[in-house]
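In case you want the letters, here they are:
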Amino acid sequence: MTKLQTAHTADLETATLDAARALLYSVFDDFAEDDWEHALGGIHALVWEGDEVIAHASVVQRRLLHCGHALRTGYIEGVGVRADRRRRGHGAAMMDALERVVRGAYDLGALGASEEGAALYAARGWTVWQGPTSTLTPTGVVRTTEDDGWVYVLPVSADLDLHGELTCDWREGDVW
Ligand SMILES: CC(C)(COP(=O)(O)OP(=O)(O)OC[C@H]1O[C@@H](n2cnc3c(N)ncnc32)[C@H](O)[C@@H]1OP(=O)(O)O)[C@@H](O)C(=O)NCCC(=O)NCCS
């Protein structure tokens with residue numbers, strides 16, 4: 001039996017957050033503290049199997065600059081399902097919950113995909129950004145060429161030119 005929980009970071013117990021963080025370290029080879037920090041401060045979706053967290057994802061608010069607008073963006077972070085529990089619909093169940101938040105509260109959804117993640121998001125109707133990506137650093141806009149082709153968006157109310165430039169707000173660690 002599994003159970004899906006959604007809650008703001010502020011409403012999760014420390015032990016639950018620790019379990020989610022440990023899960024993500026086990027799921028990604030290159031997971032780092034910055035990545036965990038990026039997943040905090042918004043709504044988490046967690047899949048519980050008994051008293052174990054077997055899947056995690058979250059949505060946090062960011063600003064993405066596009067065509068002169070600072071779009072209020074629900075940005076998906078920390079999507080991971082325990083290796084022995086994949087292809088059972090847990091990723092999709094978490095995305096259902098987080099996309100509801102994105103559609104209800106933001107101008108668009110966005111995320112930086114891994115190869116495996118891209119298959120999940122594409123299957124759900126997310127669209128790969130086709131234009132150049134960049135980030136607004138403290139000293140100006142810098143292109144993020146390595147992220148071109150890996151940024152996915154879920155349009156909600158924003159007018160988007162998918163071939164235009166998309167610039168994310170600045171943060172430490174991976175900016176997308
Ligand atoms: C990506 C990930 C979260 C998917 O979780 P999951 O629970 O296995 O996904 P689901 O079972 O809900 O898959 C839903 C649909 O997404 C697509 N999909 C998911 N994983 C896929 C894969 N590896 N290859 C192809 N399609 C995939 C399929 O259409 C699938 O439906 P189907 O199983 O009926 O064919 C999981 O593989 C994972 O944790 N990977 C490692 C970490 C990672 O890359 N996270 C994404 C970071 S952006």
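Residues numbered from 1 in each chain as written. Predicted model: local features only at pLDDT ≥ 70, side-chain atom pairs only at ≥ 80, totals over all residues. Heavy atoms only, no water.

J.: Would you mind going over helix α3 (residues 90-105) with me for this structure?
T.: Since the α-helix packs 3.6 residues into each turn, any two residues three or four apart lie on the same face. Look at α3: 23 Å from first C-alpha to last across 16 residues, which is about the 22 Å you get at 1.5 Å a residue. Three or more residues of α3 are buried, namely His 90, Gly 91, Met 94, Met 95, Ala 97, Leu 98, Glu 99, Val 101 and Val 102. (Helix = DSSP H or I, 4+ residues; strand = E, 2+ residues; numbered from the N terminus. Expected span 1.5 Å × (residues − 1). Buried < 20%, exposed > 50% of the residue type's maximum accessible area, 1.4 Å probe, protein only.)

J.: I keep staring at the site of the ligand and nothing clicks. Help me out?
T.: Neighbouring the ligand are 21 residues, the closest being Val 79, Val 81, Arg 87, Ala 92 and Ser 114. In this structure, an oxygen atom belonging to the ligand sits 3.4 Å away from a side-chain N or O atom of Arg 86. Gly 89 has a polar backbone atom sitting 2.8 Å from an oxygen atom of the ligand. Relative to its free-state accessible area of 910 Å², the ligand is covered by the protein chains to the extent of 75%. Of all elements in the fold, only β4 (69-81), α3 and α4 (115-123) reach the threshold of two or more residues within the shell around the ligand. When residues of the shell around the ligand are assigned to their parent elements, the largest contribution, six residues, is made by α4. (Near = heavy atom within 4 Å. Polar contact = N/O pair within 3.5 Å; in protein donor to acceptor, adjacent residues only side chain to side chain. Areas by Shrake-Rupley, 256 points an atom, 1.4 Å probe, with all protein chains shown as cover.)

J.: Could you clarify how one ought to interpret the pairing of strand β8 (residues 140-143) in this entry?
T.: On a regular strand, one side chain projects to one face of the sheet and the next to the other, so that they alternate. Alignment of strand β7 (residues 133-137) against β8, held across four bridges, turns out to be antiparallel. The residue bridging Thr 135 from the neighbouring strand is Val 142, located in β8. Where β7 folds back on β8, the antiparallel hairpin that results is connected by two residues. (Pairing = 2+ DSSP bridges.)

J.: Can you walk me through the side chain of His 38 in this structure?
T.: Here His 38 shows up in helix α2 (residues 33-38). Relative accessible area serves as the criterion here: at 5%, His 38 is assigned to the buried category. Not counting residues within four places of it along the chain, the set of residues in contact with His 38 comprises Val 60, Glu 77, Arg 171, Glu 172, Gly 173 and Asp 174. (Contact = heavy atoms within 4.5 Å.)

J.: Got a minute to help me understand the environment of Leu 108 in this structure?
T.: Its location among the elements puts Leu 108 in strand β5 (residues 108-112). Separated by 50 residues in the primary sequence, Leu 108 and Ala 158 place their C-alpha atoms 6.3 Å from one another. For Leu 108, the contacting residues outside a window of four places in its chain are Leu 71, Arg 72, Thr 73, Gly 74, Val 102, Val 153, Leu 154, Pro 155, Val 156 and Leu 160.

J.: What is the right way to read the nonpolar core from this model?
T.: One recurring pattern in soluble globular proteins is that nonpolar side chains are buried together. Counting 22 residues, the largest nonpolar core has Val 59, Ile 76, Met 94, Leu 111, Tyr 121, Trp 126 and Tyr 152 as the members making the most contacts within it. Among the elements of the structure, β2 (43-49), β3 (52-66), β4, α3, α4 and β9 (151-155) are those that each provide at least two residues to this core. If you tally residues by element for this core, the top one is α3, at five residues. With residues up to four places along the chain from it excluded, the contact list for Val 59 reads Gly 42, Ile 43, Gly 74, Tyr 75, Ile 76, Leu 98, Val 101, Val 102 and Tyr 106. (Core = buried A, V, L, I, M, F, W, Y, C linked by side-chain atoms within 4.5 Å.)

J.: What is the right way to read a negative patch on the surface from this model?
T.: A cluster of acidic residues, Asp 29, Asp 30, Asp 34, Glu 37, Glu 146, Glu 172 and Asp 174, forms a negative patch at the surface. Residue Glu 146 is classed as exposed on the basis of its relative accessible area, which comes to 57%. (Patch = residues over 30% accessible without salt bridge, like charges linked within 9 Å, V, L, I, M, F, W, Y side chains within 5 Å. Salt bridge = Lys/Arg side-chain N within 4 Å of Asp/Glu carboxyl O. Lys, Arg positive; Asp, Glu negative; His and termini not counted. Charge placed at Lys NZ, Arg CZ, Asp CG, Glu CD.)

J.: Hey, could you run me through the environment of Cys 67 in this one?
T.: Mapped onto the elements, Cys 67 comes out in the loop between β3 and β4. Considering only alpha carbons, one finds Cys 67 and Val 79, twelve residues apart in sequence, at a separation of 29 Å.

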